[in-house]
Amino acid sequence: MTFKHIGILCSGGDSPGMNCAIRAVVRTAIHHGMQVTGIRRGYAGLLRGEFIQMNLSSVGNILQRGGTILQTSRSPEFAKAEFRKRAVDIMKGQGIEALIVIGGDGSFKGAMALCEEHNFPVVGIPGTIDNDISNTEYTIGFDTAVETAIEAVDRIRDTAHSHARTFLVEVMGRNSSAIALKVGVCTGAENILLPHEKVDHKKIVDDIQRGIARGKESSIIIVAEGPVSGRSYEIQNILKDLYHMDAHVAILGHIQRGGSPSGEDRFIASQMGNLAVESLIKGEYPIATIVKSGKVTITELPNCTKKEDHNFSEYKDLAHTLSI
Ligand code: ATP
């Protein structure tokens, strides 16, 4: 099917590299003679009719910018069928014939519902720093978030070493272990605490003391935030109260969301944006662009509407072994 006019929006949490995907979608679509409407602030903006016509220049000079020029939002009303019907009516009223959604599994559920309920053509591009979407090895923004966290932990290591301190460094990812595991290996963390793992405080203390005994001057424990940010404070209190061990807490928080996208994020987002449009042109929808065996490809969208913790716990063992 030939589409003359497509829409694009970002939904859920922003991630570095979303702009590269927007640029690739707009430029590929215009190359094929299509009109592109940018929808601001996700599904909420769609329901409010926040549209901008995109041209070649509207996506110029954005490759290197973090966040998303279209902005994003969470839109609880979109979980209701009546609002999705309204969204389709609004898009049809604008002449928009297909929608590309950049976001996480929740955003993909919303897109899938538009397709199931109204036969509206949709394509999903995975964008979240958490790397927690089913059936894709990669989501746009993960690499940049990891690089940002590594840089921060390296800085913390400098001061931790100078004062012979232990730090609990909490990284983002909610229930996903992906950022914690990669950052832990790359920063020589003495321990990585995964989101749903019961914390073995005694083992943390034993490991730190063993390190001190062989002359170590600092310890870094990477804490995956889990459902609610701030769990490091609870661990800090238990280490103090039960084991008389002082540990400092550093919660990296939203600095991991911002910043200029890494080469990897730019490269994958550019391929995904291009493939999203090419797939629509070939009549392949509803699909999501994914990374499989290291290559950018597509799969059916329902395969990507779940959260999946790519929990390679061997990385935890690797970090632990290498930091003895
Ligand atoms: P992130 O991983 O960054 O949190 P996400 O896309 O998973 O991204 P959510 O907050 O889960 O983030 O979803 C974003 C938006 O998608 C929601 O605010 C809502 O508008 C829509 N959405 C989520 N789940 C559904 C659903 N089951 N049905 C319809 N729309 C949904």
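Everything numeric here is computed off the predicted structure, so don't read it as measured data.

Enquirer: Before we go on, may I ask you to explain the sheet that holds strand β9 (residues 248–251) in this structure?
Expert: Hydrogen bonds between backbone groups are what pair the strands of a sheet, and the pairing can be parallel or antiparallel. The strand order across the open sheet built from four strands is β7-β8-β6-β9, with neighbouring strands paired in parallel fashion. Looking at the sheet topology across the chains shown, the edges are occupied by β7 (191–193) and β9. Across this sheet, the average inter-strand angle for adjacent strands is 20°, counted without regard to direction. Bridge analysis of strand β6 (residues 166–171) against strand β8 (residues 219–224) gives six bridges, and the strand direction is parallel. Within β8, the residue paired with Leu168 across the bridge is Ile221.

Enquirer: Help me out: how do you make sense of the site of the ligand in this one?
Expert: Near the ligand there are 17 residues, and of these Gly13, Arg74, Ser75, Ser107 and Arg174 occur at the shortest range. Measuring from an oxygen atom of the ligand, one finds a side-chain N or O atom of Asp105 at 3.4 Å. Within the side chain of Arg174, one N or O atom sits 2.7 Å away from an oxygen atom of the ligand. The protein chains hide 81% of the 620 Å² of surface that the ligand would expose on its own.

Enquirer: Hey, could you run me through the packing of helix α1 (residues 18–31) against helix α9 (residues 263–281) in this one?
Expert: How two helices sit against one another is set out by the angle between their axes and by the gap between those axes. Between α1 and α9, whose axes approach to 7 Å, the crossing angle comes to 35°. Between α1 and α9 lies a crossing of right-handed hand. Along its contact with α1, which presents Cys20, Ala21, Ala24, Val25, Thr28 and Ala29, the element α9 presents Arg266, Ala269, Ser270, Gly273, Asn274, Val277 and Glu278. Residues that form the contact of α1 with α9 fall into these classes: seven nonpolar, four polar and two charged.

Enquirer: When you look at a nonpolar patch on the surface in this model, what are you seeing that I'm missing?
Expert: A surface patch of nonpolar side chains, about 390 Å² in accessible area, is lined by Phe312, Tyr315, Leu318 and Leu322. Looking at the element boundaries, Tyr315 is found in helix α10 (residues 314–322). Residue classification places Tyr315 among the partly exposed positions, given a relative accessible area of 36%.

Criteria and thresholds
- Residues numbered from 1 in each chain as written.
- Predicted model: local features only at pLDDT ≥ 70, side-chain atom pairs only at ≥ 80, totals over all residues.
- Heavy atoms only, no water.
- Pairing = 2+ DSSP bridges.
- Helix = DSSP H or I, 4+ residues; strand = E, 2+ residues; numbered from the N terminus.
- Axes fitted to C-alpha atoms, helices over the stretch in contact; angles between N-to-C directions.
- Near = heavy atom within 4 Å.
- Polar contact = N/O pair within 3.5 Å; in protein donor to acceptor, adjacent residues only side chain to side chain.
- Areas by Shrake-Rupley, 256 points an atom, 1.4 Å probe, with all protein chains shown as cover.
- Left-handed = near helix turned anticlockwise from the far one by under 90°.
- Contact = heavy atoms within 4.5 Å.
- Nonpolar A, V, L, I, M, F, W, Y, C, P; charged D, E, K, R; others polar.
- Patch = residues over 30% accessible without salt bridge, like charges linked within 9 Å, V, L, I, M, F, W, Y side chains within 5 Å.
- Salt bridge = Lys/Arg side-chain N within 4 Å of Asp/Glu carboxyl O.
- Buried < 20%, exposed > 50% of the residue type's maximum accessible area, 1.4 Å probe, protein only.

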